[in-house]
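An overview of the molecular structure
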Amino acid sequence: MNKNLGNENQKTTESGELRKLGFGMMRLPRRGVNIDLERTGRMVDLFMEAGFTYFDTAFIYPGSENAVRRALVERYPRERYQLATKLYAGVMPTAGAAKREFASSLRKTGAGFFDYYLLHSLRGSNVKKYEKFGLWDFVGEQKEKGLIRNIGFSFHDGPELLDEILTKHPETDFVQLQINYADWDDTRVSARANYETARRHGKPVVIMEPVKGGRLADPPKEVKQLLLEYAPGASCASWALRFAASLEGVLTVLSGMSTEEQVMENIRLLAEPEPLNREEQRIIRRVRAIMGASKEIPCTACGYCLEQCPKEIPIPDIFTAMNSWLGAGQAAEAQTQYEAATKGGSGAGDCIRCGACEEICPQQIEIRKELAAAAEKFAGSRRDEK
Ligand code: SF4
Ligand code: SF4
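All values derive from a computational prediction rather than experimental measurement.

Domain parsing of the chain yields domain 1 (22-292) and domain 2 (304-377). Put simply, the middle of domain 1 and the middle of domain 2, counted by C-alpha atoms, are 24 Å apart. Buried area between domain 1 and domain 2, summed over both chains or domains, comes out near 1100 Å², and the portion from carbon and sulfur atoms is 43%. Contact with domain 2 buries surface across domain 1, with Arg123, His156 and Arg188 losing the most and accounting together for 39% of the total. The interface formed by domain 1 and domain 2 includes zero salt bridges. Counting the contacts that link domain 1 with domain 2 gives six residue pairs in polar contact (both at pLDDT 80 or more). Each residue belonging to the side of domain 1 that touches domain 2 can be placed in one class, and the counts come to eight nonpolar, four polar and four charged.

Both faces of strand E9 (residues 205-208) are covered, namely the face carrying Val205 and Ile207 and the face carrying Val206 and Met208. Here four bridges tie strand E8 (residues 174-178) to E9, and the two strands are oriented parallel to one another. Residue pairing for E9: Gln178 is matched across the bridge by Met208. Note that the unit made of E8, helix H7 (residues 191-200) and E9 has a crossover that is right-handed.

Further remarks concern the packing of aromatic side chains. Under the definition given, this model contains 19 aromatic pairs. When the centroid spacing of 5.6 Å and the interplanar angle of 25° are considered together, the rings of Phe23 and Phe55 count as stacked. Of the two residues, Phe23 sits in strand E1 (residues 22-24) while Phe55 sits in strand E4 (residues 54-56), which places them 32 residues apart along the sequence. The residues Phe23 and Phe55 share a single accessibility class, namely buried. Their ring planes at 20° and their centres at 6.4 Å tell us that Tyr61 and Tyr304 sit as a pair that is stacked. Of this pair, Tyr61 sits in the loop between E4 and helix H2 (64-73) while Tyr304 sits in helix H12 (residues 304-308), placing them 243 residues apart in sequence. Like Tyr304, Tyr61 is buried. Linked through ring pairs, Phe23, Phe47, Phe52, Phe55 and Tyr81 together constitute an aromatic cluster. The ring of Phe113 carries the charged tip of Arg78 above its face, separated from the ring centre by 3.9 Å.

Looking now at the site of ligand 2. The full set of residues close to ligand 2 is Cys299, Thr300, Ala301, Cys302, Gly303, Cys305, Pro316, Phe319, Cys361, Pro362, Gln363 and Ile367. Of the residues belonging to the shell around ligand 2, the class tally is nine nonpolar, three polar and no charged.

The general pattern is negative phi for most residues beyond glycine and trans for most peptide bonds. Although it is not a glycine, Ser121 sits at a positive phi angle of roughly 60°. Considering the arrangement of structural elements, one finds Ser121 in strand E6 (residues 114-122). Phi is positive for Ser190, close to 55°, though the residue is something other than glycine. Note on placement: Ser190 falls in the loop between E8 and H7. Classification of Ser190 by relative accessible area gives buried; the value is 11%.

With respect to the secondary-structure elements, Glu65 resides in helix H2. Taking the relative accessible area as the measure of exposure, Glu65 reaches 2% and is therefore buried. In this structure the C-alpha to C-alpha distance between Glu65 and Arg107, which are 42 residues apart in sequence, comes to 9.1 Å. Contacts of Glu65, omitting those with residues within four sequence positions, involve Thr57, Ala58, Phe59, Thr85, Ser105, Lys108 and Thr109. Here the side chain of Glu65 touches Phe59 through a polar contact of 3.5 Å, landing on its backbone nitrogen. Of note is the side chain of Glu65, whose polar atom sits 2.8 Å from the side chain of Ser105.

Conventions we followed
- Residues numbered from 1 in each chain as written.
- Chains lettered and ligands numbered in written order.
- Predicted model: local features only at pLDDT ≥ 70, side-chain atom pairs only at ≥ 80, totals over all residues.
- Heavy atoms only, no water.
- Domains from an automatic or database assignment.
- Buried area = accessible area lost by both parts, 1.4 Å probe.
- Salt bridge = Lys/Arg side-chain N within 4 Å of Asp/Glu carboxyl O.
- Polar contact = N/O pair within 3.5 Å; in protein donor to acceptor, adjacent residues only side chain to side chain.
- Nonpolar A, V, L, I, M, F, W, Y, C, P; charged D, E, K, R; others polar.
- Buried < 20%, exposed > 50% of the residue type's maximum accessible area, 1.4 Å probe, protein only.
- Helix = DSSP H or I, 4+ residues; strand = E, 2+ residues; numbered from the N terminus.
- Pairing = 2+ DSSP bridges.
- Right-handed = clockwise from strand over helix to strand, strands pointing away.
- Phe/Tyr/Trp six-rings, centres within 6.5 Å; stacked < 30°, edge-to-face > 60°.
- Lys NZ or Arg CZ within 6 Å of the ring centre and 35° of its normal.
- Near = heavy atom within 4 Å.
- Contact = heavy atoms within 4.5 Å.

This is how it looks when you write it as structure tokens:
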């Protein structure tokens with residue numbers, strides 16, 4: 001492991017390993033349209049008091065880098081935490097515009113330097129753009145200047161491309177991958193194959209979406225029953241977090257937290273994570289088979305598509321409603337959720353099929369097709385009665 005990785009200030013377990021919980025700052029609590037800084041500050045305090053120090057934000061998370069400055073950087077000495085942020089070239093028209101994200105992130109966070117800096121959401125459709133814009137060399141230069149401590153990238157594609165990138169860029173210090181038990185053998189996400197590829201290259205892994213955007217905290221009814229039967233006192237989320245934290249070579253497990261309760265729950269679960277035992281691994285395999293057969297839309301509610309949609313369609317909320325119907329068969333609740341999501345704004349039927357959302361969706365969801373299905377399903381609702 002790169003000697004820079006890790007942080008002397010981050011408390012360790014008895015075995016000397018880093019504690020495995022990182023604070024994902026993509027889903028911070030909101031008051032109206034703005035991030036609730038008071039609550040975010042309280043969540044940061046809880047996290048820091050428990051001895052955790054890794055914070056993860058990104059240029060494209062709306063308001064997040066400013067919130068990091070206010071809730072963390074201006075309130076804690078710089079040496080007490082580690083900060084990761086990301087450069088996203090996907091929507092940038094020129095190399096200059098993409099590179100300016102770095103200066104903007106430095107200014108907004110006020111952090112002075114980044115412990116971890118990632119090229120954001122690499123995959124087949126954009127990897128050439130990062131090369132063409134010279135962004136690998138650019139981040140290397142920032143590292144030489146001491147403005148970046150560790151260079152990495154987050155990744156949403158298959159193991160062949162990951163292998164190609166890591167072979168071409170041995171300067172990579174770490175890789176951020178989507179890993180959770182439901183996506184372990186999923187052919188679209190390739191969690192296991194990507195994890196094994198990163199480890200073969202000797203790269204530490206930061207895990208994102210361990211709870212699949214919250215979906216594994218509230219899985220389909222059949223799965224919930226199975227988990228509760230074995231461990232009545234354990235939350236469904238705890239299974240997902242323990243699965244992720246059990247893997248070797250994991251630097252940290254990111255959890256996008258939105259409430260003080262989630263922070264407390266995650267601290268409790270990941271302060272001393274207990275690896276899944278043999279029986280629990282067997283249950284997870286059964287759960288995986290059930291979820292593999294599920295028709296639910298694999299949306300993690302990351303919100304990237306919202307930034308692109310010219311019709312301002314609340315895509316993740318519509319998919320949540322669809323999943324209430326597809327996963328739990330709750331038709332009435334799904335209808336209510338759909339109406340709440342689209343009240344006063346655009347509905348599924350307003351999609352003009354431009355495809356901008358699909359270009360950015362890390363889960364490669366056929367959003368247009370799913371929205372057409374939603375428009376049909378919720379045809380009785382006010383918005384889609386057209
Ligand atoms: S395809 Fe539809 S949902 Fe996607 S960005 Fe275009 S209008 Fe929005
Ligand atoms: S549809 Fe894709 S981009 Fe949009 S919130 Fe879901 S996972 Fe994210």
